[in-house]
Structure formats: C-alpha cells, structure tokens
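# Summary of structural features
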Amino acid sequence: MSSKEVGEIDDKSSGQDHKVDVSDAGDAESQGVHVNLGQSGQNLKLDTTGLPLIPQPSDDPSDPLNFPQWLKVAILLQVSFLALLGPLNQATVNPAFVPLAAHFHISTVEASYQTTIAIAFAGIGSFIWVPLANTYGRRPLLLFTTLIAAASSLGSGKANTWSQLIATRVLNGLGTSSFFTLGAGMVSDTFFLHERGRAMGIFTVFLTNSAHVAPIPGGFLGQFVSYRWCYYLPAILDMTMFGVMFFCLPETLYLRGSTPVVTDKPILRRMKLWGLRPKGKHLKLSDFFQQFIMFKYPTVLLTALYYSVTFTLSSILPAVTSATLFRRLYKFNASQTGLALGIGTLIGSTLGELLGGIVVDRSMYLSRKGKKDGVIVPEVRVHGIWAGAVIQPIGLLIWGFCIQYKTPYIGPTMGFSIMCFAIQIISTVVYSYNADCYRPQTPEIAQVLNFGRQTVGMTTGFWAIPLGDKIGFHWMAVTMSLVGIITLLPVIFFMSHGKTVRDRLGVPKYNRSL
C-alpha cells in the first residue's frame, strides 16, 4: 500500500465509513510512537474524531484493544483498586505509631521504620515480577502476589517481636510491588492513545490517594481496637480483591502479529490461569536484566527522578511525620491524626485528577487535530505539568512554615492538600508521557517510576523529623522546594527537545510486539 492510498474504514464505534491517508500512521511511526499497520492492503481503523487509532488493533477478538468498553473500564477499576491496596498495606498503620511503639518499647520515629522497610522492598520486588508477567501473563502473577500481600499483612498483625514484624513487612513490600507496575501495563494493553491519559489518571489517583485514605480507618482502629487491625484490614481487602480478580480480570498480555486463536468465547478464554503464553515466548535469564535498559533513556529516568522527589515530599512526607508532629503540636490522638491527614490529602488528590487526566488527553487531541498529518508528539502532554509544578512547592512551604510557627492544624493540613493536588497532576503527566513514548515497555517504565518513588520515599522516615528539629521545618521546606525545582529543569527541557533526545537513542528492541 503506497503512502497516498486511501482506504475505507468501518468505524464500529460511530457506525460510519471514514477515509484516512495512510501516511498519517507513518508520521506517527517517525515520532517514536509505533503503530502496527498489519498486513499490506489492510485499512487503518479510526476513532470517532477521524484520527487513526494508536496503536492499530488487530482483527483478533482476543486482542485487548478490541475488548468492549465496559470490560476495559472493569479492568481499569480492578487494577486501580489493586494499586490503591499497595500503599494501603504499608500506610494504614501510620496513625497508630504511638500504640505500636508502646507495644514494642521503641520510639514513634523507630516505629515508622517498618513502613519505610515495606516501601523499600516494594521498589525492588517488581524487578522479579515484570519479566515473569511478560512471559506467563499479568493475570496469574497479580493473583499470586495478591496472596503474598494478604498472607504477609496477616503475619504482620500476628507478629509478637520486632524482628517478626520487619520480616513480614519485607514480604509485604515484595508482594505489593507488582500492583504498581503490572497494573500500569494492563492499562496500556487495553486503551488507545487518545484514551490513555484519562485512564492513567484514574490509575494514578487510586495509587496516590491510597496513602491518604489509609490513615482514616488506621487512626480509628489504632485508637479504639488495636494497632494489629491496621494490618488485618489490608489482609482482608487483599483477599477480597483476589476473589474479584479471579472471576473478573482477564489476561491482557497480547503478542501483536500473532496468529488469532479461533474461539467463540475470546474473553472467557482469557480468564484461564495458564496456556496463554505467547507462542515462541520463553523466559530467559536476560529478561531479568534487560528491563534495566529503561534507566538509560533520559526522558524516562529524569522524569522519574522529578516524580519521585515530588511524590516523596507531597505524599510520603506528611504520611510518615503527621503522627509525631500532630501529637506534639496539637495533642491529636490516632483517630484525629488519621482524619486530618486522610481527608486533607484525599480532597487535594481528587481535585488534581479532575484537572490532570482531562487536560493531558485534550492537549494531545488538539495537537493532533491542529496538524494536517495528525502527527503524534508525546511531549505535548508534558506541558500539562505546569500547574502541578508551580503549586507543589507552594504547598510544601505552607506546610513547613505552619509546622514551624505552630499555627492551628488547618494550616499544615491545607499545605499537604495543595501538595497532593499538585502531585496528582504531575503523576498523570509523567505516567502518560512515558507510556506514549515507549508503549510496549510500559511495565518496565512503571518499574522505574515505582523504584524511584519507593527508594526516595523510604528514606523519609529517617531524615524528616530529625532534619526539621535541627534546622527548623520552615528551612527544611525551603530546601526541599529548591531540590524539587532543580529536578524539574530537565522536564522543562524535554518540552521542546524531548523528541530530539529520544531520537538519538532510538527505541528499545525488546517487547516491541506487545
């Protein structure tokens, strides 16, 4: 088919026939966003606005891109709720550091270490799970790791010594690590480019809000029942989610270009736990090492660095310091701390998502529609980060100065609400931009983001309160705001030069058929 040939496409979503210049997809290919055009002579499929669908779906009904919209939404909600359970496993106990510390005869700062340990191993575990999931499927790995998360949370609640608790928290971090990475991969498997920003936004709002929702039940359980129930509750939710996914979550791993399997029940077939491994796909030792290749791509590594720093300052910092600071300044008990932290951050993140996902998808649509060739430039999404980038340090400064000068509790609460508003926008932009640049490697990109977020975040419990006590929380906020601004500079550079940077390195050669 020549670049000027025009084909008629039956757009099933609109019921109309459309025509499209095939050169549009070629232009998209040159931008680093790869489009599978299928065999020569096949027509491009369009969305309802007349633009080519990216990526092009196959004619196989088992292709996740061909799933009905209700099933795509069901998959999105399941993996999003699973992403919420990850930080929930780690953070529900945060408001209950006081009774936890009393039981083990340690300080509240030391009590926070069991959270940071879980966070650290949640950043490491995904390097084990992603290669396995890319070979044997997302579904069986998510079910298996959900069982690990449930068992380790139950074990944490039963722990009678500090060493037992730390050991179970290590296992919990390893189990929950898949929730962040494989979930993002499933979103990318099932949604087209023009839908991906909003879908990723929903995924990240669950992920971000988890640490904010967790303190609400955690505070009441820690005060009125027992800190042990701060571990039992996540275990119950993990097992509930296991049951839902077992019956409702289909496999989304799909090898593009593979021979379609003839079946009259394609979705039911994708509910199997085994037998869906792509033909010719075998697990190799090199699979565990090639995933680190994504660290060499500057657009991935440097946006991940900015995201990790701002997420730590906006979400993890309030989570691990509020129990100590609110008790010291306002004499709050566990339930009061949980409500202040949970409601404030939840409101901020929810409002941020209402803006973030819609803006990045709309900006991408307007950019493509405004050009005759419909060229896809992922850097268009990066411009949506400005609102979050400006607001985030403002919220951090409000938080730090209010803590230092002992304002009423509404002051620091307002500060971390603003930070969470900002980080939701930042998260949506970073996830969507990188998924657009390297869609087949979305799980590996999520690994980089998860590793950075968890590695930087796990240090917070060790330095936040000691540093604030030493130099003042206002100067700590100023210092951390400057760190955030410095890590923002490469992101600003990518707005205008990101494509040039990507073109120099090319695209990863592995998993390109996914």
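One can find the structure itself at the top, above this paragraph.
Residues numbered from 1 in each chain as written. Predicted model: local features only at pLDDT ≥ 70, side-chain atom pairs only at ≥ 80, totals over all residues. Heavy atoms only, no water.

If you look at the biggest cluster of nonpolar residues, it comprises 68 residues, and the most contacted ones within it are Val187, Phe203, Met294, Ile385 and Tyr431. Look past the residues within four positions of Phe203 in its chain and what remains in contact with it is Leu76, Val79, Ser80, Ala83, Phe179, Phe180, Gly183, Ala184, Val187 and Tyr431. Membership of the second largest hydrophobic core comes to 19 residues, among which are Leu396, Trp399, Ala464 and Ala477. (Core = buried A, V, L, I, M, F, W, Y, C linked by side-chain atoms within 4.5 Å. Buried < 20%, exposed > 50% of the residue type's maximum accessible area, 1.4 Å probe, protein only. Contact = heavy atoms within 4.5 Å.)

Quick look at helix α14 (residues 298-330) now. One full turn of an α-helix is made of 3.6 residues, so residues set three or four places apart face in the same direction. Relative to the 48 Å expected for 33 residues at 1.5 Å per residue, α14 spans 44 Å between its end C-alpha atoms, a close match to the ideal helical length. The sharpest bend along α14 comes to roughly 55 degrees, located at Ser322. Within α14, 26 of the 33 residues are buried, which leaves the element mostly enclosed by the surrounding structure. Remark: Lys331 follows α14 within two positions and exhibits a positive phi of approximately 60 degrees. (Helix = DSSP H or I, 4+ residues; strand = E, 2+ residues; numbered from the N terminus. Expected span 1.5 Å × (residues − 1). Bend = angle between axes of the 7 residues up to and from the residue.)

Turning our eyes to something else, we now look at the pattern of salt bridges. Within the structure shown, the criterion is met by eight salt bridges. The residue Lys45 makes a salt bridge to Asp59 at a minimum N-O spacing of 2.8 Å. Of this pair, Lys45 sits in the loop between α1 (23-30) and α2 (69-91) while Asp59 sits in the loop between α1 and α2, and the two are 14 residues apart along the sequence. For Lys45, a relative accessible area of 23% gives the class partly exposed. (Salt bridge = Lys/Arg side-chain N within 4 Å of Asp/Glu carboxyl O.)

A word on the packing of helix α8 (residues 162-190) against helix α9 (residues 193-213). Orientation of α8 relative to α9, taken along the N-to-C sense of each, is 160 degrees, at an axis distance of 10 Å. Judged by the inter-axis angle, α8 sits roughly antiparallel to α9. Here α8 runs over α9; the crossing is right-handed. Across from Phe179, Phe180, Gly183, Ala184, Val187 and Ser188 in α8, the residues of α9 making contact are Arg196, Ala199, Met200, Phe203 and Leu207. (Axes fitted to C-alpha atoms, helices over the stretch in contact; angles between N-to-C directions. Parallel < 35°, antiparallel > 145°, perpendicular 65-115°, else oblique. Left-handed = near helix turned anticlockwise from the far one by under 90°.)

With their axes 9 Å apart at the nearest point, helix α18 (residues 410-437) and helix α19 (residues 442-458) run at an angle of 145 degrees to one another. Read as a crossing pair, α18 and α19 show a hand that is right-handed. Contacts between α18 and α19 involve Val430, Tyr431, Asn434 and Ala435 from the first element and Thr442, Ile445, Leu449 and Arg453 from the second. Each residue belonging to the contact of α18 with α19 can be placed in one class, and the counts come to five nonpolar, two polar and one charged. (Nonpolar A, V, L, I, M, F, W, Y, C, P; charged D, E, K, R; others polar.)

Moving on, we come to helix α5 (residues 113-124). The end-to-end C-alpha distance of α5 is 17 Å, a good match for the 16 Å that twelve residues give at a rise of 1.5 Å each. Every buried residue of α5 is listed here: Gln114, Thr115, Thr116, Ala118, Ile119, Ala120, Ala122 and Gly123.

Bringing the side chain of Ser335 into the picture now. Tracing the backbone through its elements, the reader meets Ser335 in helix α15 (residues 334-369). Since its relative accessible area comes to 6%, Ser335 is described here as buried. Among residues more than four places away in sequence, those in contact with Ser335 are Gly219, Phe220, Gln223 and Phe224.

On inspection of all chains with the given rule, the structure shows 27 aromatic pairs. Residues Phe104 and Tyr227 carry aromatic rings whose centres are separated by 6.2 Å and whose planes lie at 65 degrees to one another, so their mutual orientation is edge-to-face. Taken as a pair, Phe104 in helix α3 (residues 97-104) and Tyr227 in the loop between α10 (215-225) and α11 (229-248) lie far apart in primary sequence, 123 residues in all. Residue Tyr227 is classed as buried on the basis of its relative accessible area, which comes to 6%. Here Phe127 and Phe292 contribute two aromatic rings whose centre-to-centre distance is 4.8 Å and whose plane-to-plane angle is 5 degrees, an arrangement assigned as stacked. (Phe/Tyr/Trp six-rings, centres within 6.5 Å; stacked < 30°, edge-to-face > 60°.)

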